[in-house]
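Architecture at a glance
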Amino acid sequence: MTTLALVGGTTLASACGFEDPKGADTARGAINWIYPDALHVTSAVWRAQLEGVIRRDERPEAVRALLGYRRTAADLVKLRDRLVVAMDGEAGPSLSILLIGPMLWTRFAPAQDGLSMAMHVDGAQASDIVIVTDEPVVTALASGQITPLAARQKGLLRLYGTIDGRIRTASWLDRLQAPLTAMAEIPQSEIESRVVP
């Protein structure tokens with residue numbers, strides 16, 4: 001059985017849904033205690049797919065199960081690469097992204113070459129800003145199909161952590177919506193108004 005616990009400020013989850021779908025269900029049920037309203041991301045994704053805002057994976061279930069982890073990993077790498085460009089020489093905060101469908105944790109941390117990325121980690125570190133979202137949203141963000149601001153406004157992406165950390169992260173994410181060759185500077189007051197608690 002998958003367990004979810006807070007140990008020394010770290011959220012621990014023993015398995016993700018790519019390995020153990022039933023264990024991921026158990027962990028998903030407990031996640032709202034740690035990250036209030038995180039489960040709303042699931043229904044927001046469903047609504048956004050019905051509205052055509054983000055794409056639904058139309059591949060057969062067997063194909064999704066077989067290739068799901070590989071595709072998700074590739075999309076997370078694309079997102080990481082876009083985040084590195086958006087850093088524009090600044091060091092961003094450490095991030096942990098939880099894909100709530102498979103309960104897959106990925107951690108991004110500042111590194112000499114931009115951002116290190118560790119997939120399939122046990123959870124967030126105490127100092128991390130946590131982003132709760134899901135696979136179709138990462139695919140849409142990585143391809144530029146949706147902006148981070150639109151994702152937050154539609155409830156497809158939720159930020160958790162200190163207010164300062166969430167503001168810095170929102171600012172960083174929002175630079176993804178500008179062309180990669182010319183990142184626009186967004187006023188601090190506008191960024192603060194965009195952060196969804």
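Refer to the preceding data block for the structure.
In this report, the structure presented in the accompanying data block is examined. (Residues numbered from 1 in each chain as written. Predicted model: local features only at pLDDT ≥ 70, side-chain atom pairs only at ≥ 80, totals over all residues. Heavy atoms only, no water.)

This brings us to unusual backbone geometry. Positive phi, normally seen in glycine, also occurs at Met103, with a value near 55°. The topology assignment puts Met103 in the loop between strand 3 (95–99) and strand 4 (104–111). By relative accessible area, which is 2% here, Met103 ends up buried. Of note, His120 is a non-glycine position whose phi angle comes to about 65°, a positive value. Exposure remark for His120: the relative accessible area of 28% places this residue in the partly exposed category. (Helix = DSSP H or I, 4+ residues; strand = E, 2+ residues; numbered from the N terminus. Buried < 20%, exposed > 50% of the residue type's maximum accessible area, 1.4 Å probe, protein only.)

When the terminal C-alpha atoms of helix 6 (residues 163–174) are compared, their 16 Å separation across 12 residues agrees well with the 16 Å that a helix rising 1.5 Å per residue should span. Among the 12 residues of helix 6, 9 are classified as buried, and the element is accordingly described as predominantly covered. Every buried residue of helix 6 is accounted for by Gly165, Arg166, Ile167, Thr169, Ala170, Ser171, Trp172, Leu173 and Asp174. (Expected span 1.5 Å × (residues − 1).)

Take the nonpolar core next. It is characteristic of soluble globular proteins that their nonpolar side chains tend to be buried jointly. With 44 residues, the main nonpolar core has Ile31, Tyr35, Ile54, Leu79, Leu83, Val132 and Leu156 as its most contacted residues. Every residue in contact with Val132, bar those within four places of it in the chain, is listed here: Ala38, Val41, Leu98, Ile100, Leu156, Leu157, Arg158 and Tyr160. (Core = buried A, V, L, I, M, F, W, Y, C linked by side-chain atoms within 4.5 Å. Contact = heavy atoms within 4.5 Å.)

Right, let's get into the environment of Asp122. In this fold, Asp122 is placed in the loop between strand 5 (114–119) and strand 6 (129–133). Looking at Asp122, the relative accessible area reads 45%, which means it is partly exposed.

Let us now look at the packing of aromatic side chains. Tallied over the full model, the rule gives 2 aromatic pairs. For the ring pair Tyr35 and Trp105, a centre distance of 6.2 Å and an interplane angle of 55° mean the geometry is tilted. Remark: Trp105 occurs in strand 4 and Tyr35 occurs in the loop between helix 1 (21–34) and helix 2 (40–50); sequence separation between them is 70 residues. Taking relative accessible area as the criterion, Tyr35 reaches 8% and is therefore assigned buried. Taking relative accessible area as the criterion, Trp105 reaches 1% and is therefore assigned buried. These aromatic residues form a ring-pair network of at least three members: Tyr35, Trp105 and Tyr160. (Phe/Tyr/Trp six-rings, centres within 6.5 Å; stacked < 30°, edge-to-face > 60°.)

This paragraph deals with the pattern of salt bridges. Across all of its chains, the model carries 5 salt bridges by this definition. Linking Glu51 and Lys154 is a salt bridge whose minimum nitrogen-to-oxygen distance equals 3.9 Å. Of the two residues, Glu51 sits in the loop between helix 2 and helix 3 (61–87) while Lys154 sits in the loop between helix 5 (148–153) and strand 7 (158–160), which places them 103 residues apart along the sequence. Given a relative accessible area of 53%, Glu51 falls into the exposed group. Residue classification places Lys154 among the partly exposed residues on the basis of a relative accessible area of 38%. When the shortest N-O distance is used, the salt bridge between Arg152 and Asp174 registers 3.1 Å. With Arg152 in helix 5 and Asp174 in helix 6, the pair connects residues that are 22 residues apart, well separated along the chain. The exposure class of Arg152 is buried, given its relative accessible area of 1%. (Salt bridge = Lys/Arg side-chain N within 4 Å of Asp/Glu carboxyl O.)

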